[in-house]
Amino acid sequence: MDEEEIIALVAGLGSVRVDRAGKDSGAPEVAWGDTFLTYEPGGRVSGRGFQPFVTVVTKDHPGFDTASDLGREGVFRVNVAVGGALFTEVVGHSPAEHAAAGADVDFTELDRLLPHPLYAVQGWVSVLCPGPRTGDRLRELVGAAWRRAAARHQARTTGQVP
């Protein structure tokens, strides 16, 4: 799976706003080339600051996010906000346990579902260059993250708990 396939997969779920960081987007230069996918029916019309549930990151962010060594030719990382239960299922420990249990993770390994190098404690998983080992599971996780984001959006915009 390449970056565009991931973006199309997520956008194809519906009600997804796709923000590609670039010179004309107003994003900081360090983010140019990255893509942020947010569940937000109608785009930005809500005026609320909803967070992405999937991101596609194409390079390291010096001084902040360098553990994946994204400077390698053709390497990109897909990040998915799956929440605590799915994170635990995928990674083998809870987000709260990550500081201790995730100390030996090789964040540079390709085609393996991993805790996110920075946002594991918030229930994010990641995969570098998804392929045969992770493609099907990643599709499932993206669908689950979309449903989670939709429920959160519903709760925030209507005040109803999902």
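In what follows, the structure referred to is the one given above.
Please read these numbers as outputs of a predicted model, since none were measured by experiment.

Asks: Mind laying out helix 4 (residues 135-158), listing which residues take part and the relevant values?
Replies: Along its 24 residues, helix 4 runs 34 Å from first to last C-alpha, staying within 8% of the 34 Å computed at 1.5 Å per residue. Considered for burial, the residues of helix 4 that qualify are G135, L138, L141, V142, G143, A144, A145, A149, A150 and H153. Buried residues along helix 4 sit against helix 1 (3-11), strand 2 (35-39), strand 3 (54-57), strand 4 (77-81), helix 2 (83-91) and strand 6 (124-128). G159 sits one or two residues past helix 4 and shows a positive phi near 80 degrees.

Asks: Help me get a handle on the environment of G83, residues and values and all.
Replies: Structurally, G83 is set in helix 2. Distance in space between the C-alpha atoms of G83 and T66 is 23 Å, their sequence separation being 17 residues. Once residues within four sequence positions are removed from consideration, G83 is found in contact with G123 and R148.

Asks: How would you sum up the packing of aromatic side chains? Please name residues and give values.
Replies: Tallying each qualifying case throughout the model produces 1 aromatic pair. Plain terms: the ring middles of Y39 and W146 are 5.6 Å apart, the flat faces sit at 75 degrees to each other, and that makes the pair edge-to-face. Of this pair, Y39 sits in strand 2 while W146 sits in helix 4, placing them 107 residues apart in sequence. On the basis of relative accessible area, Y39 is assigned to the buried category, the value being 13%. With relative accessibility at 21%, the residue W146 sits in the partly exposed group.

Asks: Hey, could you go over a nonpolar patch on the surface for me, with residue numbers and the actual values?
Replies: Taken together, F64, L118 and Y119 make up a surface patch of nonpolar side chains, about 280 Å² in accessible area. Position of L118 among the secondary structure elements: in the loop between strand 5 (114-115) and strand 6. The class for L118 is partly exposed, based on a relative accessible area of 34%.

Asks: Explain the pairing of strand 6 to me, using residue names and the numbers behind them.
Replies: Within strand 6, 5 of the 5 residues are buried, which leaves it mostly tucked inside the rest of the structure. A two-sided burial pattern is seen for strand 6, the buried positions comprising W124, S126 and L128 on one face and V125 and V127 on the other. One ladder, built from 5 bridges, connects strand 4 with strand 6; its direction is antiparallel. Bridge pairing in strand 6 places A81 opposite W124. Here strand 5 pairs with strand 6 via 2 bridges, running antiparallel.

Asks: How would you sum up the nonpolar core? Please name residues and give values.
Replies: Counting 31 residues, the largest nonpolar core has F53, V54, V78 and V80 as its most contacted members. Elements that contribute at least two residues to this core include exactly helix 1, strand 2, strand 3, strand 4, helix 2, strand 6 and helix 4. Ranked by residue count, the leading element in this core is helix 4, at 7 residues. When near neighbours in sequence (up to four residues on either side) are disregarded, V80 contacts F53, V54, G123, W124, V125, L138, L141, V142 and A145.

Rules used throughout
- Residues numbered from 1 in each chain as written.
- Predicted model: local features only at pLDDT ≥ 70, side-chain atom pairs only at ≥ 80, totals over all residues.
- Heavy atoms only, no water.
- Helix = DSSP H or I, 4+ residues; strand = E, 2+ residues; numbered from the N terminus.
- Expected span 1.5 Å × (residues − 1).
- Buried < 20%, exposed > 50% of the residue type's maximum accessible area, 1.4 Å probe, protein only.
- Contact = heavy atoms within 4.5 Å.
- Phe/Tyr/Trp six-rings, centres within 6.5 Å; stacked < 30°, edge-to-face > 60°.
- Patch = residues over 30% accessible without salt bridge, like charges linked within 9 Å, V, L, I, M, F, W, Y side chains within 5 Å.
- Areas by Shrake-Rupley, 256 points an atom, 1.4 Å probe, with all protein chains shown as cover.
- Salt bridge = Lys/Arg side-chain N within 4 Å of Asp/Glu carboxyl O.
- Pairing = 2+ DSSP bridges.
- Core = buried A, V, L, I, M, F, W, Y, C linked by side-chain atoms within 4.5 Å.

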